[in-house]
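Read off the chains here:
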Amino acid sequence: MNEPSHRLRQETREENSVVPHAEQRQETTSAREFASVDELIRHDAAGTKVPGAVTDRVQQAVAGERARPAASWWRRFFGETNL
Amino acid sequence: MPLQTLMPDSLDEPSPAQPVAPTGWCSEEFAEIYREHSRPIYYLTLRFLGSPAQAEDAMHDVFLKAYRKMAQFRGKSAVRTWLYRIAINHCQNLRQAWHHRNILPSGDDVDLDAAGGQSENPLRLLETKELGARIQQALDGLSEEYRLLLLLVADEELSYDEIGQLTEQTPDAVRGKLHRARKAFQLHFARTA
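The numbering scheme is per chain: residues are counted from 1 as the chain's sequence reads. Chains carry letters from A onward and ligands carry numbers from 1 onward, assigned in written order. The predicted nature of this model means local features are confined to residues of pLDDT at least 70 and side-chain atom pairs, given and counted, to a pLDDT of 80 or more, with totals for whole chains, interfaces and linings taken over all residues. The basis for every side-chain value is the complete set of heavy atoms in the structure, and neither hydrogens nor water enter the calculation.

So, the confidence of the model for chain B: which residues are in play, and what are the values?
Residues and elements named next belong to chain B. Across chain B, the average pLDDT comes to 80, with 70% of residues at 70 or higher. Each residue carries a pLDDT value, the predictor's own confidence for that position, ranging from 0 to 100. Each helix is a run of H or I in the DSSP string that is no shorter than four residues. Each strand is a run of E no shorter than two, and both are numbered from the N terminus. Mean pLDDT across the secondary structure elements of chain B bottoms out at strand β1 (residues 125-126), with 56, and peaks at helix α5 (residues 144-153), with 97. Two residues qualify as a contact provided that any one of their heavy atoms is within 4.5 Å of a heavy atom in the partner residue. Across residues 1-22, where pLDDT falls below 50, the model places 36 contacts with residues more than four positions away in sequence or in other chains. Across the interface, the model reports ipTM at 0.75; the global pTM reads 0.70.

Hey, could you go over helix α4 (residues 131-140) of chain B for me, with residue numbers and the actual values?
The buried fraction of α4 of chain B amounts to seven of the 10 residues, a majority that puts the element mostly inside the structure. Taken residue by residue, α4 of chain B has Leu131, Gly132, Arg134, Ile135, Gln136, Ala138 and Leu139 of chain B as its buried positions. In this scheme, a residue with accessible area under 20% of its type's maximum is buried, one over 50% is exposed, and one in between is partly exposed, where area comes from a 1.4 Å probe on protein chains only.

Just give me the short version of the packing of aromatic side chains, but keep the residues and values in it.
All names here are of chain B. In summary, the pairing rule links any two rings of Phe, Tyr or Trp, Trp by its six-membered ring, whose centres are within 6.5 Å, and it sorts them by plane angle into stacked for under 30 degrees, edge-to-face for over 60 and tilted for everything else. All chains considered together, the criterion is met by four aromatic pairs over all chains. A ring pair is formed by phenylalanine 30 and tyrosine 67, whose centres lie 5.2 Å apart and whose planes are at 80 degrees; its orientation type is edge-to-face. Here tyrosine 67 lies in helix α2 (residues 52-69) and phenylalanine 30 lies in helix α1 (residues 28-49), a separation of 37 residues in the sequence. Exposure class is identical for phenylalanine 30 and tyrosine 67. Each is buried. Ring centres of tyrosine 34 and phenylalanine 63 lie 4.9 Å apart, and the angle between their planes is 65 degrees; this geometry places the pair in the edge-to-face category. Pair noted here: tyrosine 34 is in helix α1 and phenylalanine 63 is in helix α2, with a separation of 29 residues, a long-range link. By relative accessible area, tyrosine 34 is classed as buried at 0%. Clustering of aromatic rings is evident, with ring pairs tying together Phe30, Tyr34, Phe63 and Tyr67. Above the face of the phenylalanine 189 ring, arginine 134 is positioned so that its terminal group lies 4.3 Å from the ring centre. Charge-over-ring contacts are defined here by two conditions on Lys NZ or Arg CZ: a distance within 6 Å of the ring centre and an angle within 35 degrees of the ring normal. Residue placement shows arginine 147 over the ring face of phenylalanine 48; its charged tip is 5.4 Å from the ring centre.

Quick rundown of the environment of tyrosine 43 of chain B? Include the residues and the values.
Mapping tyrosine 43 of chain B onto the fold places it in helix α1. A C-alpha to C-alpha distance of 15 Å links tyrosine 43 of chain B and arginine 134 of chain B, two positions 91 residues apart in sequence. For tyrosine 43 of chain B, the residues in contact, after removing those within four places along its chain, are Ile41, Asp44, Ala45 and Thr48 of chain A together with Ile135 and Leu151 of chain B.

Which residues make up the pattern of salt bridges, and what values do they have?
Residue and element names in this part refer to chain B. The salt bridge criterion pairs a side-chain nitrogen of Lys or Arg with a carboxyl oxygen of Asp or Glu, the two atoms within 4 Å. Under the defined criterion, the tally for this structure stands at 12 salt bridges over all chains. For the salt bridge of aspartate 155 with arginine 80, the shortest nitrogen-to-oxygen distance reads 3.1 Å. Taken together, the positions of aspartate 155 in the loop between α5 and α6 (160-167) and arginine 80 in helix α3 (residues 79-99) put the pair 75 residues apart, joining distant regions of the chain. Comparing aspartate 155 with arginine 80 shows no difference in burial state: the two are buried. Put simply, aspartate 172 and arginine 175 hold a salt bridge, and the shortest N to O gap is 3.4 Å.

Just give me the short version of the packing of helix α1 (residues 37-46) of chain A against helix α7 (residues 171-191) of chain B, but keep the residues and values in it.
Where α1 of chain A meets α7 of chain B, the axes come as close as 10 Å, and the angle between the chain directions of the two elements is 65 degrees. As summarised for this structure, α1 of chain A and α7 of chain B are arranged roughly perpendicular, according to the angle between their axes. Of α7 of chain B, the residues touching α1 of chain A (which contributes Val37, Asp38, Leu40 and Ile41 of chain A) are Arg182, Phe185, Gln186 and Phe189 of chain B. Residues of the contact of α1 of chain A with α7 of chain B, tallied by class, amount to five nonpolar, one polar and two charged. Think of each axis as a best-fit line through the C-alpha atoms, taken over the contacting stretch in the case of a helix, with angles from 0 to 180 degrees between the N-to-C directions. Note on angle classes: values under 35 degrees are labelled roughly parallel, values over 145 roughly antiparallel, values of 65 to 115 roughly perpendicular, and the remainder oblique. Gly counts as polar in this scheme, as do all residues outside two lists: the nonpolar Ala, Val, Leu, Ile, Met, Phe, Trp, Tyr, Cys and Pro, and the charged Asp, Glu, Lys and Arg.

This is the structure we're talking about:
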């Protein structure tokens with residue numbers, strides 16, 4: 001299959017802006033192109049971290065599960081029931 | 001010898017009013033599962049539900065359920081696929097509860113043909129903090145099915161077969177819908193600029 005003739009390229013560009021009546025100041029802005037929607041979302045996913053509070057909460061929940069008393073023998077025999 | 005804390009990278013900012021969490025995990029096996037899979041699962045819940053608070057609640061529920069069912073899971077599928085299944089079911093149940101209150105545009109009826117006429121790449125953007133917000137806004141404009149497919153295919157560890165299993169359709173159906181989902185996303189994303 002032929003590839004599209006106008007394939008999108010990933011490039012970085014720097015722009016300089018001059019502020020009048022003030023000392024010259026360079027502002028750098030980076031423009032970025034993504035080759036595909038998948039790449040864009042993957043970039044977003046790579047930059048998304050699990051908050052520490054979430055991890056703490058999961059740890060506490062798991063620890064709480066471990067601390068639950070063991071089911072009595074008759075519950076284990078007849079099956080667990082949710083009370 | 002204290003348990004080694006197998007925690008994924010967390011945000012730098014401190015949690016101001018959080019109780020002191022126990023250090024380490026009580027299950028080394030589960031700690032390893034969490035360390036390896038928490039980030040993609042969190043990303044799915046965050047972008048699917050559209051709210052960090054709801055994603056936090058979902059993460060708690062999903063991994064607690066996974067912990068409870070860990071003994072029953074013995075390699076029937078990949079761990080990540082298994083976790084995704086729990087997360088997807090949980091998120092879809094949550095969304096169903098608000099479905100009648102929040103009528104969202106499905107986005108499926110956008111003019112996909114218009115995407116071909118754009119002269120400028122809608123994916124070109126300035127790298128700003130608002131990238132995540134723009135992506136979220138674009139995803140919110142899609143149907144749940146399209147949103148889910150895009151989030152799953154973004155995980156390079158998932159195959160089309162696995163995505164098909166998670167969404168209960170054939171890999172070919174997944175490919176076809178992904179094509180339309182990508183186009184719809186591009187249109188919505190361009191509108192967020």
